[in-house]
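Survey of secondary and tertiary structure
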Amino acid sequence: MANIKLHSDSPVSATSVSNTFIDEYMSDANGEFVKIYLYLLRLMNAPQASFSISSIADKFEHTEKDVKRALAYWERMHLLQLEYDNDKNLTGIRMLDSSSRDASPSDPGTSGTQTESSGAPAQSAPASAVLADTPAQTVPAKKNYSADDILNFRQNESVAELFFIAERYLGRTLSATDINTLLYFYDVLGFSTELIVYLIESCVSNNHTSIRYIEKVALGWADQHITTVEEAKQGSPVLGKMYYAVMNAFGITGRKLVSAEIAYISRWTNEYGFDSDIILEACKRTMASLHQPNFKYTDSILSDWNKKQVHHLSDIAKLDAAHQERKKSSASAAANPASKNKFNNFTQRSYDYDELEQMLLTTNVH
């Protein structure tokens, strides 16, 4: 596969990570996405640095789809710009200044292009072959509001109230970045103040106070043309097919998912970065164990898989095989004759820890 040229707006040759990235971006990102971003920074040390999707996938033992998903994520965060030729083939990646959220590449023709989760095609592959799952989305660019602009907005009573409420929810005095982002929701995305308040409330209720995370959710709502609090509460436009897929896997009918359940699905897709096949496998196992929907139980499964670096169903199969081997070893040890040691001359009990765990979880179903 052809190499992709990597270049930067920054003249710095050393591998450095900005405090802005650490403070405002890293905590909300999938750990594997962070690794790939840091690796891109490292590659900037080499003059005319280049790499291929396949080579970076091999380095981290990912698939090319994993790498493309990471690149698409960081482009949505405006930390890099994916560059394409006239045939819409990926030809370069421009690293943007993380301290300036509105940094733009030199080519105005590609400014503002957002590529969704399956999106960064390799140089030799036509874009349509890689973007078949989700088409590229165009999100309005952010603006830098001057002090006079902000003062004028504050004359609007509803905007002034929005700033007040936002400070109370976020638990801090709004920074310039916070204010610019809130005005971006209101002035550019066209969100009502009521919708912005609900957006902040929803994120904070799930322990996310980073303005970057809140903006990520807002952009998702904008892509799905959500304009009212009611539409946001319904959740289905936000998470699209995954919303309905989980409902179907759990056999949920006659109602919509509540906000806490939607938050779980958002975590599985955005924070863990899992594809639908892995999420639905966890749902399937939940139903097999508990015989009823339980988002908390499913989250415990997916959280464990996330910690164990699961990326594909084949990884799960390996974990299952290792688990079965441990069970066989335990059963074999239990079947051995009791030791002649007098301290072991009693009837030993054999516990099925999987069964005990299931019993514990079943009694704590919410």
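In every chain, residue numbers begin from 1 and rise along the written sequence. A pLDDT threshold of at least 70 governs which residues receive local features in this predicted model, and a stricter bar of 80 or more applies before side-chain atom pairs are shown or counted, although totals over entire chains, interfaces and linings include all residues. Only hydrogens and water are set aside; all other atoms, that is, all heavy atoms of the structure, feed into the side-chain values.

Brief notes about a nonpolar patch on the surface
Here is the rule: Every patch collects residues that have over 30% relative accessible area and no salt bridge, joining them within 9 Å if they carry like charges and within 5 Å if they are nonpolar side chains (Val, Leu, Ile, Met, Phe, Trp, Tyr). Throughout, the Shrake-Rupley method with a 1.4 Å probe supplies accessible areas, and for residues the shown protein chains are the sole cover considered. Any carboxyl oxygen of Asp or Glu within 4 Å of a side-chain nitrogen of Lys or Arg constitutes a salt bridge here. Numbering of helices and strands runs from the N terminus; a helix is a DSSP stretch of H or I covering at least four residues, while a strand is a stretch of E covering at least two.
The grouping of Val-17, Ile-22, Met-26 and Leu-38 at the surface amounts to a nonpolar patch, some 270 Å² of accessible area in total. In this structure, Leu-38 sits in helix 2 (residues 31-43).

Focus on the pattern of salt bridges
Note the cut-off: Here the term buried applies to any residue with accessible area under 20% of the maximum for its type, exposed to any over 50%, and partly exposed to those in between, with areas from a 1.4 Å probe on protein chains only.
According to the stated counting rule, one finds 13 salt bridges in the structure shown. When the shortest N-O distance is used, the salt bridge between Arg-69 and Asp-66 registers 3.0 Å. With a gap of 3 residues between them, Arg-69 and Asp-66 both fall in helix 4 (residues 64-76), about one helical turn apart. Like Asp-66, Arg-69 is buried. Here Arg-285 and Asp-320 are joined by a salt bridge, their closest N and O atoms 2.6 Å apart. Note that Arg-285 is positioned in helix 14 (residues 276-290) and Asp-320 in helix 16 (residues 313-335), a separation of 35 residues in sequence.

A closer look at the environment of Ile-150
We count it as follows: Here, two residues are considered to be in contact whenever any of their heavy atoms come within 4.5 Å of each other.
Along the chain, the position of Ile-150 falls in helix 6 (residues 147-154). The buried category is assigned to Ile-150, whose relative accessible area is 15%. For the pair formed by Ile-150 and Leu-183, sequence separation is 33 residues and the distance between their alpha carbons is 8.4 Å. Those residues in contact with Ile-150 that sit more than four places away from it in its chain are Tyr-145, Ile-179 and Leu-183.

Some remarks on the confidence of the model for the chain
Applied cut-off: The pLDDT value tells you how sure the predictor is about a given residue, anywhere from 0 up to 100.
Mean pLDDT for the chain: 76, with 73% of residues reaching 70 or above. Segment residues 101-137: pLDDT under 50, and 86 contacts once partners within four positions in sequence are set aside and those in other chains are kept.

As for the packing of helix 14 against helix 16
Packed helix pairs are specified by the crossing angle of their axes together with the interaxial distance, meaning the distance between the axes. Heads up, the condition is: Axes, fitted as lines to C-alpha atoms, cover a helix only where it is in contact. Angles between the N-to-C directions of the axes lie from 0 to 180 degrees. In these notes the angle categories are as follows: under 35 degrees is roughly parallel, over 145 is roughly antiparallel, 65 to 115 is roughly perpendicular, and the rest is oblique. Gly falls in the polar group here, along with every residue not listed as nonpolar (Ala, Val, Leu, Ile, Met, Phe, Trp, Tyr, Cys, Pro) or charged (Asp, Glu, Lys, Arg).
Across the interface, helix 14 lies against helix 16 with an axial gap of 9 Å and an inter-helix angle of 40 degrees. Viewed along their axes, helix 14 and helix 16 adopt a mutual orientation that is oblique. Note on element contacts: helix 16 touches helix 14 through Leu-313, Ile-316 and Asp-320, opposite Asp-277, Ile-278, Glu-281 and Arg-285. A breakdown of the residues in the contact of helix 14 with helix 16 according to their chemical character gives 3 nonpolar, no polar and 4 charged.

Let's talk about the packing of aromatic side chains
Our working rule: Side-chain rings of Phe, Tyr and Trp, where Trp is taken by its six-membered ring, are said to pair if the distance between their centres is within 6.5 Å; with planes under 30 degrees apart they count as stacked, over 60 as edge-to-face, and otherwise as tilted.
Tallied over the full model, the rule gives 17 aromatic pairs. Seen in terms of ring centroids, Tyr-198 and Trp-221 are 6.2 Å apart; in terms of plane orientation they differ by 25 degrees. Their pairing is stacked. Taken together, the residues Tyr-198 in helix 9 (residues 193-205) and Trp-221 in helix 10 (residues 211-223) connect sequence positions 23 residues apart. With respect to class, Tyr-198 is no different from Trp-221; both count as buried. Of the aromatic side chains, those joined through ring pairs into one cluster are Phe-21, Tyr-25, Phe-33, Tyr-37, Tyr-73 and Trp-74.

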